[in-house]
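Next come the chains, spelled out residue by residue.
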Amino acid sequence: MEVDMMKKVPVREQAPAARAKNFEEVCEGYNKEEAMAEATRCLNCKNPMCVQGCPVSINIPGFVQELKEGKIEEAYKVISLSSALPAVCGRVCPQEKQCEGKCVRGIKGESLSIGKMERFVADWARENGIKPEPAAVKNGKKVAVIGSGPSGLTCAGDLAKAGYDVTIFEALHKAGGVLVYGIPEFRLPKEKVVQKEIENIKGLGVKIETDVIIGKSVTIDELLNEQGFDAVYIGSGAGLPKFMGIPGENLNGVFSANEYLTRSNLMKAYESDSKTPIMKSKKVAVVGGGNVAMDAARTALRLGAEVHVVYRRGESELPARAEEVHHAKEEGIQFDLLRNPVEIIGDENGWVTGIKCIKMELGEPDASGRRKPVEVQGSEFVIDVDTVIMALGTSPNPLISSTTKGLDINARKCIVADDCGKTSRDAVYAGGDAVTGAATVILAMGAGKTAAKAIDEFLSK
Amino acid sequence: MFKILEKEWLNVNTFKMILDAPMVAHSCLPGQFVIVRDTEDGERIPLTICDYDRENKTITIVVQTIGGGTLQMSKKEAGEYLADVVGPLGRPTDLVTDDIEEVKKKKIVFVAGGLGTAPVYCQVKWLHEHGITADVIVGAKTKDIVILEEEMKAVGNLYITTDDGSYGRTGMVTTCLEDLVTKEGKEYDHCVCIGPMIMMKFLSQLTAKLGIHTIVSMNPIMVDGTGMCGACRITVGGETKFACVDGPEFDATEVDFNEAMRRLGMYKPAEAEALKAVKEA
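Residues numbered from 1 in each chain as written. Chains lettered and ligands numbered in written order. Predicted model: local features only at pLDDT ≥ 70, side-chain atom pairs only at ≥ 80, totals over all residues. Heavy atoms only, no water.

**Observations regarding the overall build of chain B**
So, step 1. In terms of helices and strands, chain B carries 11 helices and 16 strands.
So, step 2. Computed over its C-alpha atoms, the radius of gyration of chain B comes to 18 Å, within 12% of the 19 Å expected for a compact globule of 281 residues.
So, step 3. Dimensions along the principal axes, computed over C-alpha positions, put chain B at roughly 50 × 40 × 40 Å.
So, step 4. Looking at chain B as a whole, 57% of its 281 residues are labelled buried.
So, step 5. Sequence-distant contacts, at least 24 apart, represent 64% of the contacts inside chain B between residues at least 6 apart.
So, step 6. In the structure as shown, chain B presents an accessible area of about 11500 Å², 50% of it carried by carbon and sulfur atoms.
So, step 7. On chain B, the mean spot of the 30 positive side-chain charges and the mean spot of the 42 negative ones are 2 Å from each other. (Helix = DSSP H or I, 4+ residues; strand = E, 2+ residues; numbered from the N terminus. Rg over C-alpha atoms; globule rule 2.2 N^0.38 Å. Buried < 20%, exposed > 50% of the residue type's maximum accessible area, 1.4 Å probe, protein only. Contact = heavy atoms within 4.5 Å. Areas by Shrake-Rupley, 256 points an atom, 1.4 Å probe, with all protein chains shown as cover. Lys, Arg positive; Asp, Glu negative; His and termini not counted. Charge placed at Lys NZ, Arg CZ, Asp CG, Glu CD.)

**What about the environment of A:Arg12?**
Residues and elements named next belong to chain A.
So, step 1. In this structure, arginine 12 sits in strand E1 (residues 12-13).
So, step 2. Residue arginine 12 is classed as partly exposed on the basis of its relative accessible area, which comes to 35%.
So, step 3. Along the backbone, arginine 12 and glutamate 28 are 16 residues apart, and their C-alpha atoms lie at a distance of 5.4 Å.
So, step 4. Other than its neighbours up to four places away in sequence, arginine 12 contacts Cys27, Glu28, Gly29, Tyr30, Asn31 and Glu34.

**Describing the pattern of salt bridges**
All names here are of chain A.
So, step 1. Inspection of the entire model under this criterion finds 49 salt bridges over all chains.
So, step 2. Here arginine 19 makes a salt bridge to glutamate 331, at a shortest N to O gap of 2.6 Å. With arginine 19 in helix H1 (residues 16-19) and glutamate 331 in helix H16 (residues 322-331), the pair connects residues that are 312 residues apart, well separated along the chain.
So, step 3. Residue arginine 19 is classed as buried on the basis of its relative accessible area of 0%. (Salt bridge = Lys/Arg side-chain N within 4 Å of Asp/Glu carboxyl O.)

**Considering the interface of chain B and chain A**
So, step 1. In this assembly, 41 residues from chain B lie in contact with 40 residues from chain A.
So, step 2. Buried area between chain B and chain A, summed over both chains or domains, comes out near 3300 Å², and the portion from carbon and sulfur atoms is 56%.
So, step 3. Linking chain B with chain A are 1 salt bridge, by the criterion used here.
So, step 4. For the salt bridge of B:Asp41 with A:Lys275, the shortest nitrogen-to-oxygen distance reads 3.3 Å.
So, step 5. Seen at the junction of chain B and chain A, the total is 21 residue pairs in polar contact (both at pLDDT 80 or more).
So, step 6. Take the side of chain B that touches chain A: its biggest share by element is 6 residues, from strand E7 (residues 84-89) of chain B.
So, step 7. When grouped by side-chain class, the residues that make up the side of chain B that touches chain A number 18 nonpolar, 12 polar and 11 charged. (Buried area = accessible area lost by both parts, 1.4 Å probe. Polar contact = N/O pair within 3.5 Å; in protein donor to acceptor, adjacent residues only side chain to side chain. Nonpolar A, V, L, I, M, F, W, Y, C, P; charged D, E, K, R; others polar.)

**Some remarks on the packing of aromatic side chains**
Residue and element names in this part refer to chain A.
So, step 1. One pass over the structure, following the stated rule, counts 7 aromatic pairs over all chains.
So, step 2. For the ring pair phenylalanine 255 and tyrosine 260, a centre distance of 6.3 Å and an interplane angle of 45° mean the geometry is tilted.
So, step 3. Joined through ring pairs, the aromatic side chains of Phe23, Phe186 and Tyr270 make up one cluster.
So, step 4. Over the face of the ring belonging to phenylalanine 229 we find lysine 142, whose NZ or CZ atom lies 4.4 Å from the ring centre.
So, step 5. Between the NZ or CZ atom of lysine 329 and the centre of the ring of phenylalanine 335, over which it lies, the distance is 5.6 Å. (Phe/Tyr/Trp six-rings, centres within 6.5 Å; stacked < 30°, edge-to-face > 60°. Lys NZ or Arg CZ within 6 Å of the ring centre and 35° of its normal.)

**Considering the sheet that holds strand E2 (residues 14-20) of chain B**
All names here are of chain B.
So, step 1. If you trace the 7 strands from one edge of the open sheet to the other, you get E6-E1-E2-E5-E4-E3-E7, paired in antiparallel fashion. With partners counted over all chains shown, the strands left at the sheet margins are strand E6 (81-82) and E7, one partner each.
So, step 2. With 6 bridges connecting them, strand E1 (residues 2-11) and E2 associate as antiparallel partners. Bridging from a neighbouring strand, isoleucine 4 pairs with leucine 19 of E2.
So, step 3. Here helix H5 (residues 117-129) sits on the sheet and contacts strand E4 (45-53) and strand E5 (58-64); the angle it forms with E4, its principal contact strand, is near 30°. (Pairing = 2+ DSSP bridges. Axes fitted to C-alpha atoms, helices over the stretch in contact; angles between N-to-C directions.)

**Considerations on the domain arrangement of chain A**
Accessible area lost upon the coming together of the parts is a frequently used measure of interface size.
All names here are of chain A.
So, step 1. Segmentation of chain A into domains returns domain 1 (12-127), domain 2 (142-239 + 396-460) and domain 3 (242-393).
So, step 2. Summed over both partners, the interface of domain 2 with domain 3 comes to about 1200 Å²; 57% of that surface belongs to carbon and sulfur atoms.
So, step 3. Interface area lost by domain 2 to domain 3 is led by Tyr181, Phe186 and Arg187, which between them contribute 48%.
So, step 4. Across the pair arginine 187 and aspartate 295 runs a salt bridge, and its minimum N-O distance is 2.9 Å.
So, step 5. Our enumeration of links across domain 2 and domain 3 arrives at 4 residue pairs in polar contact (both at pLDDT 80 or more). (Domains from an automatic or database assignment.)

In structure tokens:
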């Protein structure tokens, strides 16, 4: 296979027109030949910048060199030293801002396609029955992990490998957290990828108890004082969906992205025989510009709607991954940029008929460093829609903080934890969205990994 | 998996189940609810807890077969299992968390309509165990659908009223309460009303007139039940609240019942289709 050293080996994708009508995975990934060809582009830098860009510090040149020689199992072992969820990360990490963003090859040409290679290695390992190795010796200490999302799974996996007896408590009926309820099938297949990675973590000896709500079913104090856990890691996730506080938000046909995506992803409402319904929309406005907004928009499109993304800033300020925006546009999603909703309009029966927006222009940069959008007076207009999906982020869930004495929260009501994940309570660690507010899968994994190390040090004293 | 220890039909479309649910039984209090799925592909159904037994690690739920999901669930028998029972969810009723001496000073009346009798029973029983006997009005369309009569009599001072007069008093719960207060010399300063949304709306209009502080238990559409999805939002005192984490009980005078009733109808066509499918299967 001929390789242009300046360009990524292209990855196969479902054609936009076809994929806009199904929930199959958009990106088909590299085959072995393509992955090995891409690996030849690695400069194998002495001081690999890509590793610095990775929140879990995968030895990227290490696995790429193995891949280059066709030693896929070896490559998988290198990745597994640092990541418990490589098939997930290869698909959903914002590589352009992390490893690939720092790749030295990217200075003159296109950076290495690290995410796609990671995905290939992880998929190959899964298809060939290669699994991470459980700890040889158990140390007899018990750790409780709250939440089975990326942060909890990573923390649990690392602790299990270090010999701990780990139990994950999950509030929903299925393990996986945002990987299961939030990210759609067409970006991250549930049975094929997520459940298999969870099986691998269980294979390390981690127990997962679903249907348990920490703070309600049982408290952290009970876990520590009565159930014999030596430490607790809180990876409970982002929390409650935000709304704008504009008139009409409780009309029939207005949903949070969390609700819309949970119905589709967790409850499989996109399948015709699902017991859980989802709105059959003709025209949808999705408010927001992040990855969750893209996921909601592309889900609504696949369910048959015309979809508009309404975002108050401009294209370059969209917080979503470039790849997601690109895919959304290819599929026919319309971007109404520099538009901000001021009211949702309903008919006499309380059903949504439109969303009134005002035009915006960009002013001076604000605290986030992005240019602040300012309303253009008198520029209101109405988009006729029957459904509005709010994808505006989340505020922390108080279930755990309100039932755990001495657990400090900050002004934004997030759990306070230091760089190692240590909270104000002895033996209690936290990380991921519960600490940072809504962020990415890989940052949550990074926090889980750091906390696992800190918990190990704490319990080894 | 959660074992069904006992199952009993209470009327033609309402059944009771006693479930082995140690985690819920360990910590639940009156006013809280659980979410149940009958099978691995079932929908998540929120149900207010009717009774619990900490020692035997069981909870009791009462279910009305009003939709496809509940009808499907009704086919499960004692000895079989439900896929999921999670909880307790929501906040307990104020009566069980407030200072008990203050609660003892209150003159409390419960008003239950239909299935609402089950969660009301949980609260009346708790009060009874704490030395408080409350008045309880239970309303039903007709004699045949009155549920939990003997259980309720054992813990509260029961008034039954039926719309058609086939049992107990004649008329709606509003008539009964108004008669008790205006004609029979009863005095109340705290009312807990649980039943169909329309009943709670009219009952709370009456109690506002009578000057009785009233709490209602809302039963909106829910998905996760932990605050994550926001499907259950209702307007209370002009603010949006999530019934699953802020409630399910709210001050009746502040609840926008019309909005809540409208939102309950969000999936009517899909629900009708699902019910038909289960009936035909």
